[in-house]
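In case you want the letters, here they are:
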Amino acid sequence: MLERFDSEFPTLSERLAHVGEFFHVDAKEAKLAELEKRSLVEDFWNDADRAQQTMAQSAGLREELAFYRDTQELAEEVELGVELAKAENDEVLAQETELQLDTLATRIDELEQNSWFDGEFDSGDAIMTIVPGQGGREAQDWTDMVFRMYLKYAESKGWTVDVHEAPEAEEIGIDRAVFTVHGRNAYGMLRSEKGTHRLVRISPTDLKKRRQTTFAGVSIMPALPDEVEVDIKDEDVRVDVYRSSGPGGQSVNTTDSAVRLTHIPTGTVVTCQNEKSQHKNKDQAYKILRAKVYEIEQEKRAAELDELRGPKQDITWGSQIRNYVLYPYQMVKDVRCGVESGNVDAVLGGALDPFVIGYHRWRSAGAPQLDISLDE
């Protein structure tokens, strides 16, 4: 065990110090103090939504700071435990310290992951849109599969999802999916998923059972906090209401509950139809519209393409970020970071962490493409 400590602990200490450089303890403490001061204002709970956002942000910062300090203390305990085990030749203490060393490594892994998400909106919620690309009705089916994959991934992370619309296509699959993922670092983590996803399989609709290649495009935007100002004038937005389509219960399909917002200056169109209430659909549509208009404004200000969405490419050959091959062999591979898995069913069932984490580790390190195979 002591040999293992001598070989592993210096590296872990170096990694912990490196994380500390990017953790911004002072800034996080100052932000937490500001939020706590805000929560003591007399009319704080008059705006319940904003109050809940503030309390959630405070809790998140408090948890981050406590986790970082606990990890520092654990590193000190491991070092002290080894010194005592060596001095007293205590095998029991040596075994306990070995377990602590494993825990320390796991905690530093998590701290490293959290340090990747230091952008303005990384810690917050994400608005995701999935649309079919090249491949006709097969692409609509693939869009539905990708949508379900992300729902399962969100569930595995303990995140919650609000589906704004996922209208069924005429034959198979869905025309598109728009949904918000609520959870810690949801936007930061899911930024890895923006781009084109390519599927290769035997066509389920082709009587000759020929191999088919289809594409789906995934875009992602941050769900903007209320305090972020976006200039949207009432007179610049056309509001249309209509009857919802697809499943959703009797009242969804028999009343004019669906809402379409058109932002006239930019031509941006947002629809929301999954809620039974027209008012709720309108609220959700405005949140999505704010995010889209904000993104457009950012793109106008920046000389390069906005990092919130990444490069804009056609959803077709040569633009994919990840390949999902079901035939003639089984493999999922990320073409950027090189992470791959032969367990396609698990990946489509939401086992995306290796790809998400692999991408962010690769991006953070600025490393060349790696080939990393995962156990099936």
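In case you missed it, the structure is sitting above this.
Everything in this summary refers to the structure shown in the same document.

**Thoughts on the pairing of strand β8 (residues 268-272)**
Here β8 lies mainly inside the structure; 4 of its 5 residues are buried. Of the strand pairs in this sheet, strand β7 (residues 258-263) and β8 are connected by 5 bridges, and their pairing is antiparallel. Its bridge partner being in β8, histidine 263 is matched across the sheet by threonine 268. Here β7 hands over to β8 after 4 residues, with glycine 267 in that stretch at a positive phi of 75°.

**As for the nonpolar core**
If you look at the biggest cluster of nonpolar residues, it comprises 57 residues, and the most contacted ones within it are Ile130 and Tyr150. Top contributing element to this core by residue count: helix α5 (residues 136-156), with 7 residues. Residues in contact with tyrosine 150, not counting those within four places in the same chain, are Met128, Ile130, Phe179, Glu193, His197, Val218 and Leu352. Among the nonpolar cores identified, the runner-up in size contains 20 residues, and Phe9, Val19, Leu61 and Leu104 belong to it.

**Focus on the pattern of salt bridges**
Under the defined criterion, the tally for this structure stands at 26 salt bridges. Its salt-bridge partner being arginine 4, residue glutamate 98 comes within 3.1 Å of it at the nearest N-O pair. A residue pair is termed long-range when its members are at least 10 positions apart, and glutamate 98 in helix α4 (residues 91-115) and arginine 4 in helix α1 (residues 2-23) qualify at 94 residues. Residue glutamate 98 is classed as partly exposed on the basis of its relative accessible area, which comes to 28%. Since its relative accessible area comes to 22%, arginine 4 is described here as partly exposed. Taking the shortest distance from any N to any O, the salt bridge between arginine 62 and glutamate 36 comes out at 2.9 Å.

**Remarks on the environment of aspartate 175**
Mapped onto the elements of the fold, aspartate 175 is located in the loop between β2 (160-165) and β3 (177-182). Under the relative-accessibility criterion, aspartate 175 is labelled partly exposed at 30%. Taking the C-alpha atoms as reference points, aspartate 175 and alanine 139, separated by 36 residues in sequence, lie 9.1 Å from one another. Apart from residues no more than four positions distant in its own chain, aspartate 175 is found in contact with Pro132, Gln140, Pro167, Glu168 and Ala169. A polar side-chain atom of aspartate 175 sits 3.0 Å from a polar atom in the side chain of glutamine 140.

**As for the sheet that holds β7**
Overall, antiparallel pairing links the 3 strands, which are arranged β6-β7-β8 in an open sheet. Only two strands of the sheet have a single partner each, and these edge strands are β6 (237-242) and β8. Averaged over all pairs of adjacent strands, the angle between their axes in this sheet comes to 15°, without regard to strand direction. As defined by bridge partners, β6 adjoins β7 across 6 bridges and the pair is classed as antiparallel. When the bridges of β7 are listed, valine 241 appears paired with valine 259.

**Considering the side chain of arginine 107**
Checked against the element boundaries, arginine 107 lands in helix α4. Although buried, arginine 107 forms no salt bridge, and the nearest oppositely charged side chain, aspartate 70, lies 4.2 Å from it. A distance of 3.2 Å separates a polar atom in the side chain of arginine 107 from the backbone oxygen of phenylalanine 67. Residues within four places of arginine 107 in sequence aside, it is in contact with Phe67, Asp70, Thr71 and Leu74.

Quick notes on the rules
- Residues numbered from 1 in each chain as written.
- Predicted model: local features only at pLDDT ≥ 70, side-chain atom pairs only at ≥ 80, totals over all residues.
- Heavy atoms only, no water.
- Buried < 20%, exposed > 50% of the residue type's maximum accessible area, 1.4 Å probe, protein only.
- Helix = DSSP H or I, 4+ residues; strand = E, 2+ residues; numbered from the N terminus.
- Pairing = 2+ DSSP bridges.
- Core = buried A, V, L, I, M, F, W, Y, C linked by side-chain atoms within 4.5 Å.
- Contact = heavy atoms within 4.5 Å.
- Salt bridge = Lys/Arg side-chain N within 4 Å of Asp/Glu carboxyl O.
- Polar contact = N/O pair within 3.5 Å; in protein donor to acceptor, adjacent residues only side chain to side chain.
- Axes fitted to C-alpha atoms, helices over the stretch in contact; angles between N-to-C directions.
- Lys, Arg positive; Asp, Glu negative; His and termini not counted.

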